[in-house]
Amino acid sequence: MTDTQRYITVDDVSFGYEANQLTLDSISLIIGRGEFVAVIGPSGCGKSTLLRLLAGLVEPTRGKLTVDGQPICGPGLDRAVVFQDYSLFPWMTCRDNIVLALEQAKLGANKTERRQIALDFLSLVGLAQDGDKLPGQLSGGMRQRTAIARALAINAPILLMDEPFGALDEITRARQQDLLLDLWQGGQGDEKAGKTVFFVTHDVEEAVILGDRVMVMGTRPGRLVRDIQVTLPRPRTRMGSLQHPNFSPLRDLLLNELNLVVDELLLPGSSHGAHI
Ligand SMILES: Nc1ncnc2c1ncn2[C@@H]1O[C@H](COP(=O)(O)OP(=O)(O)O)[C@@H](O)[C@H]1O
Ligand SMILES: [Mg+2]
């Protein structure tokens, strides 16, 4: 396998928040440069934990993670994160939240340019009029889009997104999916612009619409149970994917996999499951 095909590696990684409890068990995963990997799994299976490991915010108990051949040992400018709880500074306007990230990433020549870049990305997510507002003055969906704009603005080669569209209404979510597809596909084939995306969602349809591959996680402890190739043509649009004959069989296959995982959780006497 070439280095391009092994851009991000997760090699036999286990992790526990406490010494006697295993949250993730023996996760192995290889992501190629420019690949879009979607991750689904029931709530609590460790999706966010896996993303935190990739972000370098926690260290594995066992195993190792690498990006471009280098071990992950902390957060880095090569990885932009959209956190599930948005993680905006509440005392700064939306625009200043983005300007700060640009400063940290050493992007933009000066304050004026950074403010312009921040505005451009806020416009991209439909918040051109809201840059001067504080996060507390916005709806959850607007805060979430601010966090997406911030992650896109710093132009990192890797995007780690934790249920980034979870708080959006249906129409806004559909638009953001198309926006992400456009941005991602626009850079494909270009070593510099092509982004590698690790995208956590609990929405099976979203995973199929966006992903090259969908990883299904099981729970207690969190582990990867399936890795399914999405056989939909690129470039894609959301609507084009929904209407493609491969779409329903893929969605049903993934729903079935998720059902198996949840059944296992609920079955009395299951080695992993809670007893009911
Ligand atoms: N900071 C933490 N300290 C202790 N346990 C945690 C912490 N964060 C998450 N967990 C536990 O780890 C498991 C996986 O959580 P998480 O990665 O958030 O799952 P998901 O994102 O799939 O819903 C859950 O049982 C959760 O309660
Ligand atoms: Mg989560």
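Up top is the structure these notes are about.
Residues numbered from 1 in each chain as written. Chains lettered and ligands numbered in written order. Predicted model: local features only at pLDDT ≥ 70, side-chain atom pairs only at ≥ 80, totals over all residues. Heavy atoms only, no water.

## Quick look at helix α8 (residues 247-266)
The end-to-end C-alpha distance of α8, which contains 20 residues, comes to 29 Å, matching closely the 28 Å that a straight helix rising 1.5 Å per residue would cover. Those residues of α8 that are buried lie in contact with β3 (36-40), α6 (204-210), β9 (213-218), β10 (223-229) and α7 (238-242). (Helix = DSSP H or I, 4+ residues; strand = E, 2+ residues; numbered from the N terminus. Expected span 1.5 Å × (residues − 1). Contact = heavy atoms within 4.5 Å.)

## A closer look at the site of ligand 1
Y17, T23, P42, S43, G44, C45, G46, K47, S48, T49 and R52 make up every residue found near ligand 1. Between K47 and ligand 1, the recorded distance is 2.9 Å, taken from a backbone N or O atom to an oxygen atom. Here ligand 1 has 560 Å² of accessible area as a free molecule, and 60% of this is covered by the chains. Considering only residue class, the shell around ligand 1 consists of three nonpolar, six polar and two charged. (Near = heavy atom within 4 Å. Polar contact = N/O pair within 3.5 Å; in protein donor to acceptor, adjacent residues only side chain to side chain. Areas by Shrake-Rupley, 256 points an atom, 1.4 Å probe, with all protein chains shown as cover. Nonpolar A, V, L, I, M, F, W, Y, C, P; charged D, E, K, R; others polar.)

## A look at the sheet that holds strand β6 (residues 79-82)
Spatially, β6-β7-β8-β3-β9-β10 is the arrangement adopted by the six strands of the open sheet, whose pairing is mixed. Looking along the sheet, the strands with just one partner apiece sit at the ends: β6 and β10. Strand-to-strand twist of the sheet, defined as the mean angle between neighbouring strand axes without regard to direction, takes the value 15°. The pairing of strand β7 (residues 158-162) with strand β8 (residues 196-200) spans five bridges and is parallel. Counterpart to L159 in the pairing with β8 is V197. Running at roughly 155° to β7, helix α1 (residues 47-55) makes contact with β3, β6, β7, β8 and β9 of the sheet. (Pairing = 2+ DSSP bridges. Axes fitted to C-alpha atoms, helices over the stretch in contact; angles between N-to-C directions.)

## Considerations on the nonpolar core
Grouped together as the largest cluster of nonpolar side chains are 52 residues, with contacts concentrated most on I40, L159, M161, L180, F199, L210 and L254. Not counting residues within four places of it along the chain, the set of residues in contact with L159 comprises A80, A151, L152, L180, K195, T196, V197 and F198. Formed by 27 residues, the second largest nonpolar core is a distinct cluster that contains I8, V13, L24 and L54. (Core = buried A, V, L, I, M, F, W, Y, C linked by side-chain atoms within 4.5 Å. Buried < 20%, exposed > 50% of the residue type's maximum accessible area, 1.4 Å probe, protein only.)

## What to know about the layout of surface pockets
Of the voids in this model, the largest pocket is the one considered here, and its volume is about 440 Å³. Lining the largest pocket are 19 residues, with R79, V81, A101, Q104 and I154 positioned closest to its centre. Only β6, α2 (94-104) and α4 (140-153) provide two or more residues apiece to the lining of the largest pocket. Ranked by residues supplied to the lining of the largest pocket, first place goes to α2 with four residues. Among the residues making up the lining of the largest pocket, the classes are represented as 13 nonpolar, four polar and two charged. (1 Å grid on protein atoms, 1.4 Å probe; cavity = no way out; pocket = protein on both sides within 12 Å on 5 of 7 lines; lining within 4 Å. Points joined across faces, edges and corners; volume = space filled by probe spheres on them.)

## Observations concerning unusual backbone geometry
Between R220 and P221 the backbone carries a cis peptide bond, its omega angle lying at -5°. Of note, P221 is situated in the loop between β9 and β10. Here the bond from R234 into P235 is cis, since omega is -10°, no more than 30 degrees from zero. By secondary structure assignment, the location of P235 is in the loop between β10 and α7. Phi at D12 is positive, roughly 50°, even though this residue is not glycine. Note on placement: D12 falls in strand β1 (residues 8-15). For D12, a relative accessible area of 31% puts it in the partly exposed group. If you check the backbone angles, N155 has positive phi at about 55° while not being a glycine.

## Regarding the pattern of salt bridges
Charged atoms that come close allow side chains of opposite charge to pair. Counted under the stated rule, the structure contains 16 salt bridges. The partner of D132 in a salt bridge is R95, and the shortest N-O contact between them spans 2.9 Å. Here D132, found in the loop between α3 (111-124) and α4, pairs with R95, found in helix α2; they are 37 residues apart in sequence, far enough to count as distant. Looking at R95, the relative accessible area reads 11%, which means it is buried. One network of salt bridges, with partners in common, ties together E35, R213 and D227. (Salt bridge = Lys/Arg side-chain N within 4 Å of Asp/Glu carboxyl O.)

## Some points on the environment of H244
Of note, H244 is situated in the loop between α7 and α8. In the structure, H244 is positioned 236 residues away from I8 in sequence and 30 Å away in space, judged by C-alpha atoms. With sequence-adjacent residues up to four places away left out, H244 is seen in contact with T231, L232 and P233. Reaching out from H244, the side chain makes a polar contact with the backbone nitrogen of N246 at a distance of 3.0 Å.

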